[in-house]
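Inside the fold
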Amino acid sequence: MRLGELITLVHQLGPNLKLGFDTNPITPISGMSTAENHLLLHGVTQTPLTVGSFRQHATHFNHQLTVFKSNGSRLYGFRQSEHWLLFK
């Protein structure tokens, strides 16, 4: 999944949805950074980004970046569960 595709897909979603990794328990996504041609999503703190804050920050990155977890695992999709947007 490329960042530009992700931005397009989440465009219609509610801005208050919290971002997390699809784990049990949910791991909140609290930050983003770049390395080489990757956008890395980090689960550093328990304060999750929201869809609204993600959209705001994502505009500053190259939309051709491939989306990964910070541990190097590529992310291929997401699902909505209650108040969460969960990446897998």
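Structure: above.
Computed from a predicted model, the values in this text were never measured in an experiment.

This part takes up the pairing of strand β1 (residues 18-21). Sheet topology note: the β1/strand β7 (residues 84-87) ladder contains four bridges and is parallel. Within β7, the residue paired with Leu 19 across the bridge is Leu 85. In this sheet, strand β2 (residues 27-28) lies alongside β1 in antiparallel orientation, the contact comprising two bridges. If you follow Phe 21 over to β2, its bridge partner there is Thr 27. Here β1 folds back onto β2, and the loop between the two strands holds five residues.

Relative orientation of the contacting elements helix α1 (residues 3-10) and helix α2 (residues 51-58) amounts to 140°, with a least axis distance of 11 Å. Of the possible angle classes, the one that applies to α1 and α2 is oblique. In this structure, α1 crosses over α2, and the sense of that crossing is left-handed. Across the interface between the two elements, Leu 3, Leu 6, Ile 7 and Val 10 from α1 touch Val 51, Phe 54, Arg 55 and Ala 58 from α2. Here the residues of the contact of α1 with α2 sort into seven nonpolar, no polar and one charged.

The rules we used
Residues numbered from 1 in each chain as written. Predicted model: local features only at pLDDT ≥ 70, side-chain atom pairs only at ≥ 80, totals over all residues. Heavy atoms only, no water. Pairing = 2+ DSSP bridges. Helix = DSSP H or I, 4+ residues; strand = E, 2+ residues; numbered from the N terminus. Axes fitted to C-alpha atoms, helices over the stretch in contact; angles between N-to-C directions. Parallel < 35°, antiparallel > 145°, perpendicular 65-115°, else oblique. Left-handed = near helix turned anticlockwise from the far one by under 90°. Contact = heavy atoms within 4.5 Å. Nonpolar A, V, L, I, M, F, W, Y, C, P; charged D, E, K, R; others polar.

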